[in-house]
Amino acid sequence: MSYPHTIADLPDSLPVFPLQGALLLPRARLPLNIFEPRYMAMVDDALAASRTIGMIQPKVPEQTVPSDNPDLHDLGCAGRITSFEETTDGRYLISLTGLCRFGIREELALKNGYRRVAADYAPWSADFDREDREAINREQLTGALKNYLSARQLGADWDAIDRTPTGDLISIVAMICPFSAMEKQALLRTRALTDRAELIISMLLINSAGTAGTETVN
């Protein structure tokens, strides 16, 4: 199957990987360590078909007993398997590259133990369009990130950050910062890259203020 360029190239039936705290955004890359048999079967089936998997967060409130099939949030992101490695101890190391966000029309029957949904990509077809990066205040973004890292006494390779394209930097910050599940869903729901940048800056500043003067153990 050729690389998807429109929502017409995406599968109607989408295998989903519910993972708390995981966020995949269009054009971003998400590394995953796959070891559960049902998700290894999901990867096998995806590689044999469209190579597409949907990442979505489960609705798992903190301090509840985990469920094998928890309720799902109503928005996720489809990603294409763009790298694959099998380890000597039988795990899969894969990378997903984000393609397009999706809603859930309905949940389908399990297949080989993993969950599937009928995906609705139509509201998010613009995920395949070129993003407007010129309107983003890069200086404000990096300033907020510096405050956030400083408040947590964390270092960073600022030479590498300065070389990172703005769109990629926004996705990296959104995906790796330990924002709450609801904050990550809010980031996923933003329509435009400029909106996502503004929301990330606000989150970084709020979280910086909340940890100022405290020690963080990592």
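Let me begin by describing the structure that accompanies this report. (Residues numbered from 1 in each chain as written. Predicted model: local features only at pLDDT ≥ 70, side-chain atom pairs only at ≥ 80, totals over all residues. Heavy atoms only, no water.)

1. Structural notes on the packing of aromatic side chains
Going by this rule: Only the six-membered ring of Trp is used, alongside the rings of Phe and Tyr, when aromatic pairs are assigned; centres must lie within 6.5 Å, and planes under 30 degrees apart are stacked while those over 60 apart are edge-to-face, with the rest tilted. Runs of E in the DSSP output that reach at least two residues are strands. Runs of H or I that reach at least four are helices, and both are numbered from the N terminus. For each residue, the accessible area found with a 1.4 Å probe, counting protein chains only, is set against the maximum for its type, and the residue is called buried under 20%, exposed over 50%, and partly exposed in between. Any Lys NZ or Arg CZ that is within 6 Å of a ring centre and within 35 degrees of that ring's normal is treated as a charge sitting over the ring.
Under the defined criterion, the tally for this structure stands at 3 aromatic pairs. Judged by centre distance (6.3 Å) and plane angle (55°), the rings of Tyr148 and Phe179 are tilted. Residue Tyr148 is located in helix 2 (residues 138-151), and its partner Phe179 is located in the loop between helix 4 (166-176) and helix 5 (181-189); the two are separated by 31 residues in the primary sequence. Pair check on accessibility: Tyr148 and Phe179 agree, each one buried. For Lys146, the ring lying beneath its charged end belongs to Trp158, and the centroid distance is 5.0 Å. When the ring centre of Trp124 is taken as reference, the NZ or CZ atom of Arg191 above it lies at 4.0 Å.

2. Quick look at helix 1 (residues 37-48)
Keep this limit in mind: What a helix should span is 1.5 Å times the count of its residues minus one. We call two residues in contact whenever any of their non-hydrogen atoms come within 4.5 Å of each other.
Here helix 1 contains 12 residues, and its C-alpha end-to-end distance of 17 Å stays within 8% of the 16 Å for a straight helix at 1.5 Å per residue. Of all the positions in helix 1, only Arg38, Tyr39, Met40, Ala41, Met42, Val43 and Ala46 are classed as buried. If you follow the buried residues of helix 1, they end up packed against strand 1 (13-18), strand 2 (29-34), strand 3 (52-56), strand 4 (75-86), strand 5 (92-111) and strand 6 (114-120).

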